[in-house]
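Residue-level listing of the chains:
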Amino acid sequence: MRTGEEYIKTLNDGRTVLLDGQAVDNVAEHPAFRSVIRTIAELFDIAADPANGMQYHSEEIGGPANLVFSIPRSPEQLRSRRAAVERWAKHTHGWVGRSPDHVGTFFAAFAAHPEVFENPERDFAGNIRRYYERILREDLYVSYAIIPPQYSRATTASGWEGDFIQVGVVDETEEGLIVRGSQMLATGGAICDEVFVTCIKPLGPDDVDFALSFALPAATKGLKFLCRRPYAPETSSEFDYPLTTRYDEPDALVIFDDVLIPWDRVFIDRDTDALRRQFFDTGAHALGNWQAQTRLTTKLQFIAAVARKVTQVNGTDRIPGVQEKLGELAAIVSSVESALLAAEYTAEADSAGMLVPGKRPLYGAMGLQSETYPRAINILRDLAGGGVLQLPSGIADMKSPTTAADVERYIASPHVSSEDRIKLFRLVWDIIGSEFAGRHQQYELFYAGAPFVVKGVYTYRNYGYDAQVAELDEWLAGYSVDGRTGEED
Ligand SMILES: Cc1cc2nc3c(=O)[nH]c(=O)nc-3n(C[C@H](O)[C@H](O)[C@H](O)COP(=O)(O)OP(=O)(O)OC[C@H]3O[C@@H](n4cnc5c(N)ncnc54)[C@H](O)[C@@H]3O)c2cc1C
């Protein structure tokens, strides 16, 4: 299987990554990207080592592949798939949202349901199968951009002034589709192998030119990644910013300057209904978000551990009020973890025999995520107090003869060295207060869609209200002003 070194070598491929008004020469060497690239490379090394139990025999390619890309066809396979996702998540403590297992999981479900992509004129179903086999064979790191750019939410793309703000078809040739426009927001786009582009927001009949699904190598002519400001290069040291310096995944608006999409890379061509079906009739949305909840659980466990340690260091952990806050944090983490396991327990095989995690617990936890994540962060913020600012300006203060003695004497705790205390509180700041931390708040609120979509569409529709209301109606029908049914006076 692919090693981290092999992944890094492929990145110097002429891709167009735009930062500070310039194209980046080689992302693998650029300070904005090199540290998170190293983290992704470590993930590949973990998977490549058989001792880590992340490999399985794939029927699709007749050989070994990474479990995080597998199609789960039994409860045991679903469990081992989760364990593999967890193995990767533990390495980043859940701070890399779009590691290769995220989009790879969507393709596993797509490939289990090639019929959803069937087209009378072209072999899109075959395209999806073959693409999935490439993911398995080559350990592909695919990112995605599946949301129209935030231009105006008052209408969909056809209503926007100016042609092709959202990526759409401008021409069709014998070789493929020519597309122009943009799509948000490819996390990992600048450092991945390939980008998957489609639209998960519902489109109307006038938007048909924008109803596409395709994948391209990051280094495709006319394809550009316009990156947000990176946080890692601004950091003073790994000690001061332990998360930013390892896990700063780039986010990018993806721009298409009349890009050719060869036919063998097209999965959906101008079909608004197929856009919905690819996510919801294949089980991809549930399986992909279950991967995301596995990662989130790991991250919340990490945050809870940090909070607990803060109270130990500050000597507040015997105070009942503090224990109550730690209890609330534990309740948040446990309920997300329980929903993850409940989704596994209630998974059902679909028409293709793929195990789809139970949607009620899955979307239940996701519906509350816009409250639970900020609440968890707020509890840590509360417990840390001003300790995150009663800190030296950087490691130089800890080493300089002018400041080291004061730092060592005053920024410490009983039985905790100055270095250990500063290390902990710098980590807390990278969780609650740095730019990286702010981006993560936004990420956890929006990565699966805006909260009004997650609650109002996914959670509401998948709860199973009809069955609950039917039970309620049956009970209500059992009595009236004349007494219980059958026992009337
Ligand atoms: C850090 C980060 C990383 C991301 N990574 C990716 C990625 O890798 N790939 C990808 O495809 N996308 C990614 N996204 C994009 C993400 O999918 C979108 O942010 C999300 O779908 C919400 O869309 P939006 O941001 O345009 O918000 P909008 O849809 O514009 O909504 C913003 C707010 O406006 C209000 N609002 C808008 N419309 C309505 C309405 N109809 N009813 C009620 N209220 C409304 C709500 O308050 C809502 O929260 C990422 C986002 C973030 C923040």
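Residues numbered from 1 in each chain as written. Predicted model: local features only at pLDDT ≥ 70, side-chain atom pairs only at ≥ 80, totals over all residues. Heavy atoms only, no water.

A few words now on the nonpolar core. The nonpolar side chains of a soluble globular protein tend to be buried, and buried together. Ranked by internal contacts, the top residues of the largest apolar core, which has 151 residues, are Phe33, Phe107, Val179, Phe256 and Ile431. Per-element accounting of this core gives the leading share, 14 residues, to helix 8 (residues 284-314). Both of domain 1 (4-280) and domain 2 (284-464) provide at least three residues apiece to this core. (Core = buried A, V, L, I, M, F, W, Y, C linked by side-chain atoms within 4.5 Å. Buried < 20%, exposed > 50% of the residue type's maximum accessible area, 1.4 Å probe, protein only. Helix = DSSP H or I, 4+ residues; strand = E, 2+ residues; numbered from the N terminus. Domains from an automatic or database assignment.)

Let us now look at the site of the ligand. The local shell around the ligand holds 20 residues, among which Tyr144, Ile146, Arg153, Leu185 and Thr187 are the closest. Within the side chain of glutamine 150, a nitrogen or oxygen atom sits 2.9 Å from an oxygen atom of the ligand. Across the complex, the protein chains shield 72% of the 960 Å² of accessible surface that the ligand would expose by itself. Counting residues per element, the ones that place at least two in the shell around the ligand are strand 5 (142-145) and helix 14 (435-446). (Near = heavy atom within 4 Å. Polar contact = N/O pair within 3.5 Å; in protein donor to acceptor, adjacent residues only side chain to side chain. Areas by Shrake-Rupley, 256 points an atom, 1.4 Å probe, with all protein chains shown as cover.)

Partitioning the chain into domains gives domain 1 (4-280) and domain 2 (284-464). Using C-alpha coordinates to define each centre, domain 1 is positioned 25 Å away from domain 2. Carbon and sulfur atoms supply 67% of the area that domain 1 and domain 2 bury against each other, a total of about 4,000 Å² over both sides. Of all residues in domain 1, the largest losses of buried area upon contact with domain 2 belong to Leu78, Trp95 and Phe239, amounting jointly to 19% of the total for that side. As a salt-bridge pair, glutamate 249 and arginine 439 come within 3.9 Å of each other at their nearest N and O atoms. At the surface where domain 1 touches domain 2, the tally comes to 17 residue pairs in polar contact (both at pLDDT 80 or more). Elements represented by at least two residues in the side of domain 1 that touches domain 2 include exactly helix 3 (75-92), helix 4 (101-112), helix 6 (244-247) and helix 7 (272-280). (Buried area = accessible area lost by both parts, 1.4 Å probe. Salt bridge = Lys/Arg side-chain N within 4 Å of Asp/Glu carboxyl O.)

On to the packing of helix 10 (residues 359-384) against helix 15 (residues 451-462), then. Viewed as axis vectors pointing N to C, helix 10 and helix 15 meet at an angle of 155°, and their least axial separation amounts to 9 Å. One element, helix 10, and the other, helix 15, form an angle in the roughly antiparallel class. You can see that helix 10 and helix 15 cross each other, and the crossing is left-handed. In this structure, helix 10 contributes Lys359, Arg360, Tyr363, Gly364, Met366, Gly367, Ser370 and Glu371 to the contact, and helix 15 contributes Pro451, Val454, Lys455, Tyr458, Thr459 and Asn462. Among the residues making up the contact of helix 10 with helix 15, the classes are represented as 5 nonpolar, 5 polar and 4 charged. (Axes fitted to C-alpha atoms, helices over the stretch in contact; angles between N-to-C directions. Parallel < 35°, antiparallel > 145°, perpendicular 65-115°, else oblique. Left-handed = near helix turned anticlockwise from the far one by under 90°. Contact = heavy atoms within 4.5 Å. Nonpolar A, V, L, I, M, F, W, Y, C, P; charged D, E, K, R; others polar.)

Attention now goes to unusual backbone geometry. Across the junction of methionine 184 and leucine 185, the peptide omega takes the value -15°, indicating a cis bond. On the secondary structure map, leucine 185 appears in the loop between strand 7 (176-183) and strand 8 (194-197). One non-glycine residue, aspartate 258, lies in positive phi territory at about 50°. Inspection of the secondary structure assignment puts aspartate 258 in strand 11 (residues 252-262). Judged by relative accessible area, which is 38%, aspartate 258 ranks as partly exposed. Positioned with a positive phi, arginine 270 is a non-glycine residue whose angle comes to about 50°. With respect to the element layout, arginine 270 can be found in the loop between strand 12 (266-269) and helix 7. Given a relative accessible area of 26%, arginine 270 falls into the partly exposed group.

Spatial ordering of the open sheet is given by 2-1-10-11-7-6, a layout of 6 strands whose pairing is mixed. Strands with a single pairing partner mark the edges of an open sheet, and in this sheet they are strand 2 (22-23) and strand 6 (168-172). (Pairing = 2+ DSSP bridges.)

Here we come to the pairing of strand 9 (residues 212-217). Buried residues dominate strand 9, accounting for 5 of its 6 residues. Alignment of strand 9 against strand 12, held across 3 bridges, turns out to be antiparallel. Residue pairing for strand 12: leucine 212 is matched across the bridge by aspartate 269.

Let's shift gears to a nonpolar patch on the surface. The grouping of Leu472, Trp475, Leu476 and Tyr479 at the surface amounts to a nonpolar patch, some 440 Å² of accessible area in total. Among the elements that line the nonpolar patch, the one with the most residues is helix 16 (residues 465-476), at 3 residues. Tracing the chain through its elements places leucine 476 in helix 16. On the basis of relative accessibility, which here comes to 39%, the residue leucine 476 falls in the partly exposed class. (Patch = residues over 30% accessible without salt bridge, like charges linked within 9 Å, V, L, I, M, F, W, Y side chains within 5 Å.)

Overall, the coordinates contain 31 salt bridges when judged by the stated rule. In this structure, glutamate 328 engages arginine 375 in a salt bridge whose closest nitrogen and oxygen atoms are separated by 2.6 Å. Note that glutamate 328 is positioned in helix 9 (residues 320-345) and arginine 375 in helix 10, a separation of 47 residues in sequence. You can call arginine 375 partly exposed: its relative accessible area is 34%. One network of salt bridges, with partners in common, ties together Arg228, Asp248, Glu249, Asp251 and Arg439.

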